[in-house]
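In case you want the letters, here they are:
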Amino acid sequence: MDQNALKKLVGEYALKYVNDDDMIVGVGTGTTVKYFIDALATIKHKIQGAVSSSEASTALLKSYGIHVYDLNSVDKLDIYVDGADEIDHNLNMTKGGGAALTREKIIAAVAKKFICIADESKYVGVLGAFPLPVEVIPMARSYVARQIVKLGGTPVWRENVLTDNGNWIIDVHNLQILNPVEFEQKLNNIVGVVTNGLFAARGANELVLGRANGQVEVIKR
């Protein structure tokens, strides 16, 4: 199966986690999640609605007639379904290729269970081949970049990209992230960083992985 077919496969499989009537579903961002949203639309009459991590996902959900709640109006979230740019064997992730990492992290923190959906090209032994996104306050971009160099990374400003929060993205290249939790904290401690794309302190609870042979493998933390 090609990559798009695998994305569709795991996006539709994740519908199994929407198993309670009147559930509010946390929805992430990206090409794999789009297939999940397409599938979610087929049972929209069974759910209350969704909480969305990006303007793009919100627009797609609303186009299907799915009500999108502000997270502040929701006191609990049973599941959050999102993709990954990389995910390791301990279910630590790199996310933020679509520049929605901050909202994704907030929703993941609220959700009782985080379900990652991905094709096997995203499943790696060590994080770092995919450049690690860091969301920064614009005036702090150069300062943050200098601090990242001290941590061993090569920062590259993702020019002409503005996050939904009005901030900028620095992509950090040439990393081999052996201790994701520790490195996540170090980056977040740099003044001017909003957050970074390591989802390690709060990683996925389960990975729905699409294999090249067309099979789905569920891996639990």
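Here the residue numbers are simple positions, counted from 1 along each chain's written sequence. The predicted nature of this model means local features are confined to residues of pLDDT at least 70 and side-chain atom pairs, given and counted, to a pLDDT of 80 or more, with totals for whole chains, interfaces and linings taken over all residues. Side-chain measures were taken over the full set of non-hydrogen atoms in the model, leaving aside hydrogen atoms and water.

**Student:** I would appreciate a short explanation of the overall build of the chain in the present structure.
**Tutor:** Secondary structure elements follow DSSP: runs of H or I no shorter than four residues count as helices, runs of E no shorter than two count as strands, and numbering proceeds from the N terminus. Along the backbone of the chain there are 6 helices and 14 strands. C-alpha atoms define the radius of gyration in this analysis, and the globule rule sets the expected value at 2.2 Å times the number of residues to the power 0.38. The C-alpha radius of gyration of the chain comes to 17 Å, within 12% of the 17 Å expected for a compact globule of 221 residues. Viewed in the frame of its principal axes, the chain has a C-alpha envelope of about 50 × 40 × 30 Å. A 1.4 Å probe rolled over the protein chains alone gives each residue an accessible area, and that area as a share of the maximum for its type sets the label: buried under 20%, exposed over 50%, partly exposed in between. Looking at the 221 residues of the chain, the share that counts as buried comes to 52%. Within the chain, contacts between residues separated by at least 24 positions form 71% of all contacts whose residues are at least 6 apart in sequence. Computed with the Shrake-Rupley method and a 1.4 Å probe, the accessible areas treat only the protein chains shown as cover for residues. Looking at the chain as shown, the accessible area adds up to about 10200 Å², and 50% of this sits on carbon and sulfur atoms. Should any heavy atoms of two residues lie within 4.5 Å, those residues are counted as being in contact.

**Student:** It is not clear to me how the sheet that holds strand β5 (residues 93-94) should be interpreted in this structure. Could you clarify?
**Tutor:** Sheets are built from strands that pair by backbone hydrogen bonding, the pairs being arranged parallel or antiparallel. Here, any two strands with at least 2 DSSP bridges between them count as paired. Across the sheet, which stays open at both edges, the 4 strands sit in the order β7-β4-β5-β12 with mixed pairing between neighbours. Edge positions in the open sheet fall to β7 (123-124) and β12 (198-199), since each of these has one partner strand only. Pairing geometry for β5 and β12, over 2 bridges, is antiparallel. Bridging from a neighbouring strand, methionine 93 pairs with phenylalanine 199 of β12.

**Student:** Would you take a moment to explain the layout of surface pockets for this structure?
**Tutor:** Where empty space is left in the structure can be found by rolling a water-sized probe over the atoms. Only protein atoms enter the 1 Å grid, on which a cavity is a set of points fitting a 1.4 Å probe that cannot get out and a pocket is an open set with protein on both sides within 12 Å along at least 5 of 7 lines, lining residues being those with an atom within 4 Å of a point. Grid points are joined across faces, edges and corners, and a volume is the space filled by probe spheres set on the points. Approximately 270 Å³ is the volume found for the largest pocket. Taken together, 14 residues line the largest pocket, and the ones lying closest to its centre are Val51, Ser52, Asp70, Leu71 and Arg103. Those elements that place two or more of their residues in the lining of the largest pocket are β2 (47-52), α3 (55-63) and α4 (101-110). Across the lining of the largest pocket, the residue classes tally to 6 nonpolar, 4 polar and 4 charged. Looking at the second largest pocket, it is lined by 18 residues, and the ones nearest its centre are Thr29, Gly30, Thr31, Ala84 and Asp85. Here the element with the most residues in the lining of the second largest pocket is helix α2 (residues 31-40); it accounts for 3 residues. Of the residues in the lining of the second largest pocket, the class split is 4 nonpolar, 8 polar and 6 charged. Side-chain classes follow a simple rule in which Ala, Val, Leu, Ile, Met, Phe, Trp, Tyr, Cys and Pro form the nonpolar group, Asp, Glu, Lys and Arg form the charged group, and the remainder, Gly included, forms the polar group.

**Student:** Help me understand the environment of asparagine 72 in this model?
**Tutor:** Structurally, the position occupied by asparagine 72 is in the loop between α3 and β3 (77-82). A residue is classified by how much of its surface remains accessible, and asparagine 72, at 76% relative accessible area, is exposed. Along the chain, asparagine 72 and valine 51 lie 21 residues apart, while their C-alpha atoms are 9.8 Å from each other.

**Student:** Can you help me understand the packing of aromatic side chains in this one?
**Tutor:** One pair of aromatic rings is described through two measures. These are the centre distance and the angle between the planes. Note on ring pairs: Phe, Tyr and Trp rings are taken, using the six-membered ring of Trp, and paired if centres are within 6.5 Å. Classes follow the plane angle, with under 30 degrees stacked, over 60 edge-to-face and the rest tilted. Scanning the entire structure with this criterion turns up 3 aromatic pairs. Taking 4.7 Å as the distance between ring centres and 35° as the angle between the ring planes, the aromatic pair formed by tryptophan 157 and tryptophan 168 counts as tilted. With tryptophan 157 in strand β9 (residues 154-157) and tryptophan 168 in strand β10 (residues 168-173), the pair connects residues that are 11 residues apart, well separated along the chain. For tryptophan 157, a relative accessible area of 28% translates into the label partly exposed. Tryptophan 168 sits in the partly exposed class, given a relative accessible area of 23%. Here the aromatic cluster, defined as three or more aromatic residues joined through ring pairs, consists of Tyr80, Phe114 and Phe199. When the ring centre of tyrosine 35 is taken as origin, the NZ or CZ atom of lysine 34, which lies over that ring, is 5.9 Å away. Here, a charge over a ring means that NZ of Lys or CZ of Arg falls within 6 Å of the ring centre while also lying within 35 degrees of the ring normal.

**Student:** What is the right way to look at the pairing of strand β8 (residues 132-136) in this model?
**Tutor:** Successive side chains on a regular strand alternate, one facing one side of the sheet and the next facing the other. For β8, the tally of buried residues reaches 5 of 5 residues, placing the bulk of the element in the interior. Burial along β8 is two-sided: Leu132, Val134 and Val136 facing one way and Pro133 and Glu135 facing the other are all buried. Bridge analysis of β8 against β10 gives 5 bridges, and the strand direction is antiparallel. Across the sheet, the residue bridging to glutamate 135 is isoleucine 169, located in β10. With 3 bridges joining them, β8 and strand β11 (residues 193-196) adopt antiparallel strand pairing. Counterpart to glutamate 135 in the pairing with β11 is threonine 195.

**Student:** Sorry if this is basic, but what is going on with helix α6 (residues 180-188) here?
**Tutor:** Since the α-helix advances by 3.6 residues per turn, residues separated by three or four positions end up pointing in the same direction. Taken residue by residue, α6 has Pro180, Phe183, Glu184 and Leu187 as its buried positions. Buried positions in α6, seen along its axis, are confined to an arc of 105° and lie on one side of it. Summarising the contacts, the buried residues of α6 are in contact with β4 (86-88), α4, β8, α5 (141-150), β11 and β12. Arc, as used here, means the arc of the directions from the helix axis to the C-beta atoms.

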